[in-house]
Amino acid sequence: GAVVSQHPSWVICKSGTSVKIECRSLDFQATTMFWYRQFPKQSLMLMATSNEGSKATYEQGVEKDKFLINHASLTLSTLTVTSAHPEDSSFYICSARASGGVYEQYFGPGTRLTVT
Amino acid sequence: AQTVTQSQPEMSVQEAETVTLSCTYDTSESNYYLFWYKQPPSRQMILVIRQEAYKQQNATENRFSVNFQKAAKSFSLKISDSQLGDTAMYFCAFPQAGGGADGLTFGKGTHLIIQP
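Here the structure is a predicted model, which means the values were calculated and not measured.

Visitor: Which residues make up the overall build of chain A, and what values do they have?
Guide: Looking only at helices and strands, chain A has zero helices and eleven strands in total. Counting helices and strands in the order they occur from the N terminus, chain A gives β-β-β-β-β-β-β-β-β-β-β. Computed over the C-alpha atoms, the radius of gyration of chain A is 13 Å, within 12% of the 13 Å expected from 2.2 N^0.38 for a compact globule of 116 residues. Seen through its C-alpha atoms, chain A measures out along the principal axes to roughly 40 × 25 × 20 Å.

Visitor: Hey, could you go over the interface of chain B and chain A for me, with residue numbers and the actual values?
Guide: Taken together, the contact between chain B and chain A spans 19 residues of the former and 19 residues of the latter. Buried area between chain B and chain A, summed over both chains or domains, comes out near 1700 Å², and the portion from carbon and sulfur atoms is 51%. Across the contact surface, chain B and chain A share zero salt bridges. The interface formed by chain B and chain A contains seven residue pairs in polar contact (both at pLDDT 80 or more). Elements represented by at least two residues in the side of chain B that touches chain A include exactly β5 (33-39), β6 (46-52) and β11 (104-106) of chain B. Among the elements that make up the side of chain B that touches chain A, the one with the highest residue count is β5(B) (four residues). A breakdown of the residues in the side of chain B that touches chain A according to their chemical character gives nine nonpolar, six polar and four charged.

Visitor: Explain unusual backbone geometry to me, and be specific about the residues and the numbers.
Guide: Following H7(A), the chain continues to P8(A) via a peptide bond in cis, the omega torsion being 0°. Position of P8(A) among the secondary structure elements: in the loop between β1 (4-7) and β2 (10-13). The backbone phi angle of N62(B) is positive, close to 55°, even though this residue is not glycine. Position of N62(B) among the secondary structure elements: in the loop between β7 (60-61) and β8 (64-69). You can call N62(B) exposed: its relative accessible area is 75%.

Visitor: Describe the pattern of salt bridges, naming the residues involved and giving the relevant values.
Guide: All names here are of chain B. Within the structure shown, the criterion is met by five salt bridges over all chains. For the salt bridge of K55 with E52, the shortest nitrogen-to-oxygen distance reads 3.3 Å. Overall, the relative accessible area of 39% leaves K55 in the partly exposed class. For E52, a relative accessible area of 13% translates into the label buried. Across the pair R63 and D86 runs a salt bridge whose closest N-O atoms are separated by 2.8 Å. Linking R63 in the loop between β7 and β8 with D86 in the loop between β9 (74-79) and β10 (88-95), this pair joins segments that are 23 residues apart in sequence. Judged on exposure class, the residue R63 and its partner D86 are both buried.

About the cut-offs
- Residues numbered from 1 in each chain as written.
- Chains lettered and ligands numbered in written order.
- Predicted model: local features only at pLDDT ≥ 70, side-chain atom pairs only at ≥ 80, totals over all residues.
- Heavy atoms only, no water.
- Helix = DSSP H or I, 4+ residues; strand = E, 2+ residues; numbered from the N terminus.
- Rg over C-alpha atoms; globule rule 2.2 N^0.38 Å.
- Contact = heavy atoms within 4.5 Å.
- Buried area = accessible area lost by both parts, 1.4 Å probe.
- Salt bridge = Lys/Arg side-chain N within 4 Å of Asp/Glu carboxyl O.
- Polar contact = N/O pair within 3.5 Å; in protein donor to acceptor, adjacent residues only side chain to side chain.
- Nonpolar A, V, L, I, M, F, W, Y, C, P; charged D, E, K, R; others polar.
- Buried < 20%, exposed > 50% of the residue type's maximum accessible area, 1.4 Å probe, protein only.

What follows is the structure in structure tokens.
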């Protein structure tokens, strides 16, 4: 149980285009989902917290107009990178916390974004 | 703001040896959770062990145990009888506001290599 999927696992897009990444909790309901970014050989950095039915909370320094987050249901959160540039190339990881869960966060397998 | 420090970028030990990874943190919270995550080459984040600060007893999960020193704000991970499959990046993590349900702040990680 407690499986989180991400789609796509790897995406290549051209500079200036937008790309959407999906994060799904497959066997549980997630009121809260988190989006992290990981550059090569670096740690994870929290980008935003997404709560179902409300606006996402972005960490300091994260451009909310560039990284659009929508948590439309208890099993799906999406991250849209708008007008992508090469510096947005990174590994994006989501995690989900089960409704009523105290502390456990379940991580997705990540999405590698390459902007050319 | 919470900070998490891992001072060992890389460690290498022989199979079956015991290894300890260090982590220190800074917080003004009095009650909080601490986590160790493993990220193997697949990049899937895996929870290794968690510790609740109000619990005096150090957490243990099979070959993994922690040495939690609250006053010193130290949270080290000990891996006993290390196995080849333990080779991975290990991240110490602390919830943004201390609570287990928050987004996580990660340390820079320790790359652990288990040699045959």
